[in-house]
Every structure is written in structure tokens, then in C-alpha cells.
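An overview of the molecular structure
Residues per chain, in single letters:
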Amino acid sequence: MRVRVTKAIAVTATGLLAGAFGYGAVNLGPTFWSVPLDTRLSFHAELMKMNSPVMLTAMGTAALGSLALALQTRGRERGLAAGATALTATSFLVTRFGNVPINARIKTWAVTSPPADYAEILHRWDLFNRTRTVTALAAFVLLVIAQSGSGPRETPSDSPSS
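What you are looking at is a predicted structure, and each value in this text was computed from that prediction instead of being measured.

Glancing now at the pattern of salt bridges. Under the counting rule described, the total for this entry stands at two salt bridges. Close ionic contact of E77 with K7 constitutes a salt bridge, the shortest N to O distance being 2.5 Å. Residue E77 is located in helix α3 (residues 75-111), and its partner K7 is located in helix α1 (residues 2-34); the two are separated by 70 residues in the primary sequence.

As C-alpha cells, then:
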């Protein structure tokens, strides 16, 4: 029963993380490039106020859920959960050391003005964002595989009606 609850937490949190990053990469990212720069910067800075605690919570829950699952299972499931843990940790590290420093710069640009190389910096932010999206999605896929491949399978010869 405990493993079932852990799986539910790990899969749900990782799915939400991958979904949030995916939505940002597919919808927000292209939109940011389509609006005037001052709109993008002010919206980006404002979005990060709420986004930061929400995404940190999602990443933490996904990583801890995956780690707990790795510790509670064996064999293939353990390997898949450990892989998901590593991928979720990678999403966190990319965010912390890639996106967050750029977010801080964008926050100052929103009230001052961007530097001459702002487009290059924003493209770097997009690269980090795509990287963390892919790692979160891969973690989710591993946990779905772990979830769907567990437990004994009944064959026609095992069924009570045979």
C-alpha cells in the first residue's frame, strides 16, 4: 500500500512538473518572442513571482517522490525511479544555475533597460528552459513505465474460470 501511494505522488508531481514546463515551452516561450520587448520583460518578471515557489514545490515533490519510490522498490522499478530522480534533479539544477540567474537579470531589465546582448541572453534562457522541460518529461515517462509495469500479470491459464 505504501509503495502505491509513493508511486501516485511521484507520478502526479512529475507529471505536473513536466506539464508546467511543457506549457511554458510550447505556449509562453513563442508568445514571449511575439510581443514587444517591454511587455515580455514586465510579464516575465511578474510571472516569476508566482512561478518560483510553485515550480520549486513541484520539483521538490517530484524529486522526493521519485527518490522514495527508488528506495521502496527493487529491480527494474528501482532503476526507473532512480533515473527519474536523476532527471528531476537535473531539471532543478538547470533551473537553479541556468534560468534563475537570467530571471534575476530580466527583473532588473524590466525596470531599467536590457543590455545590447539581451537577445543572446534570452535565447540562452530558452535553451535552459527546453533542457529542463525535456528532463522533466523524460522523468515522467520513466515513472509511467515503472507504474504500468509493476505487479503480477494474470494470464488466461491463471484465471479462476479456466
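Moving on from the coordinates now.
Before going further, it helps to spend a moment on the packing of aromatic side chains. By convention here, two paired aromatic rings are described through the distance between centres and the angle between planes. Scanning the entire structure with this criterion turns up one aromatic pair. Arranged with centres 5.9 Å apart and planes meeting at 65°, the rings of F32 and F43 form a pair that is edge-to-face. Within this pair, whereas F32 is found in helix α1, its partner F43 is found in helix α2 (residues 37-72), the two being separated by eleven residues in sequence. On the basis of relative accessibility, which here comes to 40%, the residue F43 falls in the partly exposed class. The ring of W33 carries the charged tip of R40 above its face, separated from the ring centre by 4.5 Å. Looking at R96, its charged tip hangs above the ring of F97, at a distance of 5.3 Å from the centre.

Rules used in this analysis
- Residues numbered from 1 in each chain as written.
- Predicted model: local features only at pLDDT ≥ 70, side-chain atom pairs only at ≥ 80, totals over all residues.
- Heavy atoms only, no water.
- Salt bridge = Lys/Arg side-chain N within 4 Å of Asp/Glu carboxyl O.
- Helix = DSSP H or I, 4+ residues; strand = E, 2+ residues; numbered from the N terminus.
- Phe/Tyr/Trp six-rings, centres within 6.5 Å; stacked < 30°, edge-to-face > 60°.
- Buried < 20%, exposed > 50% of the residue type's maximum accessible area, 1.4 Å probe, protein only.
- Lys NZ or Arg CZ within 6 Å of the ring centre and 35° of its normal.

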